[in-house]
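Understanding the architecture of this molecule
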Amino acid sequence: MPFIDSHCHLDFPDFDQDRDEVIQSCQKQGIVRCILPGTSHLQMEKQLALKGAYPDWIDIAFGLHPYMIESQKKEDVEAISKMIASHSKTIVALGEIGLDKRFPLWEEQVRVFERQVELAQDFQLPLILHHQKSQDTMLGILRKKGFSHGGVIHAFSGSLQQAQQWLALGFKLGLGGTVTYLRAQKTRQVVKELPLDSFVLETDAPDMPVYGYQGQRNSPERLLNVFQSLTSLRNEDGSVIERQVYQNTCDIFGSVKPLGDDL
Ligand SMILES: [Zn+2]
């Protein structure tokens, strides 16, 4: 049965030495697709090259991550909007975008986030969202803008009530390394209580190592560890969970995008 890593930074230099081997190892495990969110305009050409090299296995999204806020220039937002316009047939989402209280320039973060939400609305693309003490603010912005194309709240952690607000807006919860840790009790409890059509799987590799691999580079090869943690929290058969989570991911991102004419 197939698995999809809905959030993996395989374009990062961390994988420059062994990217092809990592991809082959994933394919042997039944991972049929990997979605690479964007973090900066500097990564876009590399993302496009990887999509070109693995057109049936890699999908890409463009976005400016709030982590980059200090190094961003005003023109970057417009540069990314041009890239989105010219590659709108190739990309499957807009992200990874969001708001993060640990990073500086909050008001600038909000401005860049709002602009990117507008772009996603214009191009009818789902969002891949990064959050850190910012879920309520982001929910408010999406409601205010009437955003209607759904997406994934990546690395979900939070309350049942927060989860339900995302689901009501057409989002899925991205489950990654967090659910593999027994100490993440609140998030694991939420995973038990929600319907199975609420979740997608992700690794966020090279970040967010799963339990047992702390301190190591995370890899999309660990996606099945996340899946096993999910099955341990649910009553349904593994095959039922696998099929539904695969379907959930396709519901958000569509099936694998062919290379657009725009590439
Ligand atoms: Zn990420």
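Scroll up a little and you will see the structure.
Structure report, in brief. (Residues numbered from 1 in each chain as written. Predicted model: local features only at pLDDT ≥ 70, side-chain atom pairs only at ≥ 80, totals over all residues. Heavy atoms only, no water.)

1. Observations concerning the overall build of the chain
What the chain contains, in helices and strands, is 9 helices and 8 strands. In summary, the chain has a C-alpha radius of gyration of 17 Å against a globular reference of 18 Å for 263 residues, a match within 12%. Along the three orthogonal principal directions, the C-alpha set of the chain runs to about 50 × 40 × 35 Å. Among the 263 residues that make up the chain, the fraction classed as buried is 57%. Of the contacts formed within the chain by residues at least 6 apart in sequence, a portion of 75% connects residues at least 24 apart. (Helix = DSSP H or I, 4+ residues; strand = E, 2+ residues; numbered from the N terminus. Rg over C-alpha atoms; globule rule 2.2 N^0.38 Å. Buried < 20%, exposed > 50% of the residue type's maximum accessible area, 1.4 Å probe, protein only. Contact = heavy atoms within 4.5 Å.)

2. Some remarks on the coordination of the zinc ion
In this structure, His7 (NE2), His9 (NE2), Glu96 (OE) and Asp204 (OD) serve as the protein donors to the zinc ion, at separations of 2.1 to 2.3 Å. Geometry at the zinc ion is irregular, judged from the 4 donor atoms that bind it and their angles of 86 to 175° at the metal. Coordination of the zinc ion draws on donor residues from a single chain, spaced H-x1-H-x86-E-x107-D in sequence. Of the two residues, His9 is situated in the loop between β1 (3–5) and α1 (19–28) and Asp204 in the loop between β8 (199–201) and α8 (223–233); the sequence distance between them amounts to 195 residues. On the basis of relative accessibility, which here comes to 2%, the residue His9 falls in the buried class. A relative accessible area of 7% means that Asp204 is categorised as buried. (Donors = N, O, S within 2.8 Å, 3.2 Å for Na, K, Ca; no water. Tetrahedral: all angles 85-135°; square planar, octahedral: opposite > 155°, others 65-115°.)

3. Section: the sheet that holds β1
Within the open sheet, the 8 strands sit side by side as β1-β2-β3-β4-β5-β6-β7-β8. Their pairing is parallel. The sheet is open, and its two borders are formed by β1 and β8, each paired with just one other strand. Ignoring strand direction, the axes of neighbouring strands in this sheet form an average angle of 30°. The pairing of strand β5 (residues 127–132) with strand β6 (residues 151–153) spans 3 bridges and is parallel. (Pairing = 2+ DSSP bridges. Axes fitted to C-alpha atoms, helices over the stretch in contact; angles between N-to-C directions.)

4. Focus: helix α7 (residues 185–193)
Where α7 is concerned, the buried positions are Thr187, Arg188, Val190 and Val191. Viewed along the axis of α7, the buried residues span an arc of 155°, placing them on a single side of the element. Within α7, the exposed residues directed more than 90 degrees away from the buried face are Gln185 and Lys186. Residues of α7 that are buried sit in contact with α6 (160–168), β7 (171–175), β8 and α8. (Arc of directions from axis to C-beta.)

5. Overview of the pattern of salt bridges
Within the structure shown, the criterion is met by 12 salt bridges. With a shortest N-O distance of 3.0 Å, Lys51 and Asp59 are connected by a salt bridge. Of the two residues examined, Lys51 and Asp59, each falls in the buried class. A salt bridge links Glu118 to Lys145; the shortest N-O distance between them is 2.9 Å. One end of the pair, Glu118, is in helix α4 (residues 106–123); the other, Lys145, is in the loop between α5 (135–144) and β6, with 27 residues separating them in the sequence. (Salt bridge = Lys/Arg side-chain N within 4 Å of Asp/Glu carboxyl O.)

6. Here we look at the pairing of strand β4 (residues 93–100)
For β4, a buried count of 8 out of 8 residues is recorded, marking the element as mostly surrounded by other parts of the structure. In the sheet, β4 pairs with β5 via 6 bridges, with the strands oriented parallel. Across the sheet, the residue bridging to Leu94 is Leu127, located in β5. Since β4 and β5 lie parallel, the crossover through α4 that links them has a hand, and here it is right-handed. (Right-handed = clockwise from strand over helix to strand, strands pointing away.)

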